[in-house]
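# Structural features, examined
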Amino acid sequence: MHEQILQDLWKVAQGKWESGVLPSAESLARARASLPTTLPATGASLESIQRHILDDIVPGFNGGSISPNYYGFITGGVTPAALFADNVVSAYDQNVQVHLPSHSIVTEVEFNALGLLADLFRLDRSTWQNGTFTTGATASNVLGLACGREWILRKAAERKGVQVSSVGESGLFEVLHELGLSGVQVLSTLPHSSLVKAAGVLGIGRANVRSICRAHNMLHFDLELLEKELARTDKVTIVAVSCGEVNTGRFATTKEDMTRIRQLCDKYGAWLHADGAFGIFGRILDDDPEFATVKTGSDGIELADSITGDGHKLLNVPYDCGFFFCRHPDLAAQVFQNANAAYLTPGPSEGPPIPSPLNVGIENSRRFRALPVYASLLSYGRDGYREMLQRQIRLARCINEWIYDHPEYTALPEPTSKSDLIDQTFMGVLFRAKDAQLNCKLAKKINDTSRIFVSGTSWDGAPACRIAISNWRVDVERDLELVTGVLAEVSELQD
Ligand SMILES: *Cc1c(COP(=O)(O)O)cnc(C)c1O
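Under an unreviewed UniProt entry, the name given to the protein is Tyrosine decarboxylase, and the organism recorded is Penicillium canariense. Looking at the Sequence similarities (unreviewed entry) heading of the UniProt record, one finds this comment for the protein: "Belongs to the group II decarboxylase family."

Looking only at helices and strands, the protein has 19 helices and 13 strands in total. Relative to the compact-globule value of 23 Å for 495 residues, the protein shows a C-alpha radius of gyration of 24 Å, a close match. Projected onto its principal axes, the C-alpha coordinates of the protein cover approximately 70 × 60 × 45 Å. Within the span of the protein, comprising 495 residues, buried residues form 52% of the whole. For the protein, restricting intrachain contacts to residue pairs at least 6 apart in sequence, the fraction spanning at least 24 positions comes to 75%. Of the accessible surface of the protein, which amounts to about 22,100 Å², a share of 53% is contributed by carbon and sulfur atoms. In the protein, the 46 positive side-chain charges and the 58 negative ones have mean positions that sit 3 Å from each other.

The buried fraction of strand β6 (residues 235-242) amounts to eight of the eight residues, a majority that puts the element mostly inside the structure. With burial as the criterion, each face of β6 is covered, one bearing Lys235, Thr237, Val239 and Val241 and the other bearing Val236, Ile238, Ala240 and Ser242. Here strand β2 (residues 183-188) pairs with β6 via five bridges, running parallel. Residue pairing across strands places leucine 187 opposite valine 239, the latter belonging to β6. Direction of pairing for β6 relative to strand β7 (residues 271-275): parallel, over a ladder of five bridges. Bridge pairing in β7 links serine 242 to aspartate 275. Once the chain exits β6 it traverses helix α12 (residues 255-268) before rejoining the sheet at β7, and the crossover so formed is right-handed.

Moving on, we get to the domain arrangement of the protein. Domain boundaries in the protein define domain 1 (8-33 + 51-80 + 383-495) and domain 2 (106-367). When each unit is reduced to the centre of its C-alpha atoms, the spacing between domain 1 and domain 2 is 30 Å. Across the boundary between the two partners, domain 1 contributes 34 residues, which contact 30 residues of domain 2. Taken together, the connections running from domain 1 to domain 2 amount to two salt bridges. At the junction of domain 1 with domain 2, the criterion picks out eleven residue pairs in polar contact (both at pLDDT 80 or more).

Before going further, it helps to examine helix α10 (residues 193-201). By the burial criterion, the buried members of α10 are Ser194, Leu195, Ala198 and Ala199. Buried residues along α10 cover an arc of 150 degrees about the axis, so they all sit on one side. Residues of α10 that are buried make contact with α7 (137-160), β2, β3 (209-211), β6 and β7. Residue glycine 203 follows α10 closely and has a positive phi angle near 75 degrees.

The next subject is the nonpolar core. Counting residues in each nonpolar core, the largest one holds 67 residues, and the members touching the most others are Leu117, Phe121 and Phe325. Sorting the residues of this core by element identifies α4 (80-92), α5 (106-120), α11 (223-230), β6, α12, β7, β9 (322-326) and α15 (370-405) as the ones contributing at least two each. Looking at this core, the element that brings in the most residues is α15, giving nine residues. A domain split of this core shows at least three residues from each of domain 1 (8-33 + 51-80 + 383-495) and domain 2 (106-367). Setting aside chain neighbours within four positions, we find phenylalanine 121 in contact with Ile280, Phe281, Arg283, Ile284, Phe323 and Phe325. Listed in part, the 35 residues of the second largest apolar core include Leu153, Val186, Ala199 and Val209.

This paragraph deals with α4. The terminal C-alpha atoms of α4, which comprises 13 residues, lie 19 Å apart, in line with the 18 Å expected from a rise of 1.5 Å per residue. For α4, the set of buried residues is Pro80, Ala81, Ala82, Leu83, Ala85, Asp86 and Val89. Positive phi appears at aspartate 93, one or two residues downstream of α4, with a value of about 45 degrees.

Here the focus is the packing of helix α2 (residues 25-34) against helix α3 (residues 46-57). When two helices pack together, their arrangement is given by the angle between their axes and by how far apart the axes lie. Their axes nearest at 9 Å, the elements α2 and α3 cross at an angle of 145 degrees. Facing Arg30, Ala31 and Ser34 of α2, the residues of α3 in contact are His52, Asp55, Asp56 and Ile57. Of the residues in the contact of α2 with α3, the class split is two nonpolar, two polar and three charged.

We now examine the packing of aromatic side chains. Scanning the entire structure with this criterion turns up ten aromatic pairs. Pairing tyrosine 70 with phenylalanine 453 gives two aromatic rings, centres 4.5 Å apart and planes at 0 degrees, and the pair type is stacked. Here phenylalanine 453 lies in the loop between α18 (442-448) and β12 (455-459) and tyrosine 70 lies in the loop between α3 and α4, a separation of 383 residues in the sequence. For the pair tyrosine 70 and phenylalanine 453, a shared accessibility class is recorded, and that class is buried. The interplanar angle of 20 degrees and the centroid separation of 5.7 Å between the aromatic rings of phenylalanine 121 and phenylalanine 323 together place this pair among those described as stacked. Taken together, the residues span a long stretch of sequence, with phenylalanine 121 in the loop between α5 and α6 (125-128) and phenylalanine 323 in strand β9 at a distance of 202 residues. Exposure remark for phenylalanine 323: the relative accessible area of 0% places this residue in the buried category. A connected cluster of aromatic rings, assembled from ring pairs, spans Phe121, Phe281, Phe323 and Phe325.

What counts, and at which threshold
- Residues numbered from 1 in each chain as written.
- Predicted model: local features only at pLDDT ≥ 70, side-chain atom pairs only at ≥ 80, totals over all residues.
- Heavy atoms only, no water.
- UniProt positions renumbered as here; feature names shortened; annotations may be inferred.
- Helix = DSSP H or I, 4+ residues; strand = E, 2+ residues; numbered from the N terminus.
- Rg over C-alpha atoms; globule rule 2.2 N^0.38 Å.
- Buried < 20%, exposed > 50% of the residue type's maximum accessible area, 1.4 Å probe, protein only.
- Contact = heavy atoms within 4.5 Å.
- Areas by Shrake-Rupley, 256 points an atom, 1.4 Å probe, with all protein chains shown as cover.
- Lys, Arg positive; Asp, Glu negative; His and termini not counted.
- Charge placed at Lys NZ, Arg CZ, Asp CG, Glu CD.
- Pairing = 2+ DSSP bridges.
- Right-handed = clockwise from strand over helix to strand, strands pointing away.
- Domains from an automatic or database assignment.
- Salt bridge = Lys/Arg side-chain N within 4 Å of Asp/Glu carboxyl O.
- Polar contact = N/O pair within 3.5 Å; in protein donor to acceptor, adjacent residues only side chain to side chain.
- Arc of directions from axis to C-beta.
- Core = buried A, V, L, I, M, F, W, Y, C linked by side-chain atoms within 4.5 Å.
- Expected span 1.5 Å × (residues − 1).
- Axes fitted to C-alpha atoms, helices over the stretch in contact; angles between N-to-C directions.
- Nonpolar A, V, L, I, M, F, W, Y, C, P; charged D, E, K, R; others polar.
- Phe/Tyr/Trp six-rings, centres within 6.5 Å; stacked < 30°, edge-to-face > 60°.

Here's what the structure looks like:
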């Protein structure tokens, strides 16, 4: 039985996903009907539980991250190396919370994996090997804004020549009050919803996250307006760069913009955070003219103070996994340290000085989620990940080219020319049907085929569809034929 389950898991990882990208209505109904209404008094055999899970529950899953043709959200996939490592993580159930070098190697593996990730993204280890593994980009955004909040208030105190203790210690309200400030603001361009959530969690307030966009280009900062906002004396500021806007996949900045924004942040004591959940992967690319715009868009994030990245998207490791980089090594501990927990202090260190994860992140007890990252990075290397990303970008560009030429569809944001559209495309495709009636139902009609899945979204006040390509098993020719086949069919449907 165990052998069989492992074989089934491998089959899934190899992509033998036969049931379409969505479960059938019957499979869902059957799974739903199989759920118990109350806790049984006595347990069942392991075999019967396995049968229940595999026969009743699993058919109710979608192909989210298993099928290369599920293009909703940004779901990634699971590489064979990551799948193996994730099973090891569950079987050995190591708790990675305190650095205990003579008890376990796990914190050193995590630290090593963080270094490998820094290498992958061409971030200098001596600056960037601070940080931690998180549950995803949302948690990483919480860490980024929390570190930023701590830092900018410290800077504001220095400027006023006032002694204040940390926000983590004294509380946000108390520190703002001592400094005569009315609040913290987060300035961005079309930020991901999770950044707004992070501001809510941290007492900054969702209403204090604002887009500072150019009048005719919502994706880019209005740098003049940004400086005006940074110069305010009643508030302190975190600038959050959308290194990859989630609808379009496009980048908010170039290296030039980042250099300018860095100067402004230094001048006004602001923190610069980059949400690179998927955009940071642009840094894997070489200086190849084919991918110049992607390379340029992700260039310059090394000038940020903190960076968010996602593991369960383009890195193709299983949920849940994100990572966080910070250039200020002592800062996260100001926010996340466990007070009065002497028994949690690491023993005498062997090897590199590694902070205990429980003092630099949200959780105390936590999963060894760095191991799948470590395994997958070693299994593919830089070349393997670059080649994977190139396939993803090429497929997105081919689909966009087809959409541009199709009489019934419009590529978004509305392109000035075909070549510009192709150049600007990363791993996302945003589009709508020209016919308003069809457009209202477009995502549903596409998803009803269960051959591909797209996200319904809205752009410029009207419905739109989004295709996000993020799976390791993408095949340009095979998938282009499938996607364009479905889109052509749907555009001809009458009702
Ligand atoms: C997906 C995403 C997030 C949120 O990530 P989770 O992994 O779902 O927590 C944040 N920012 C961007 C740009 C994203 O694409």
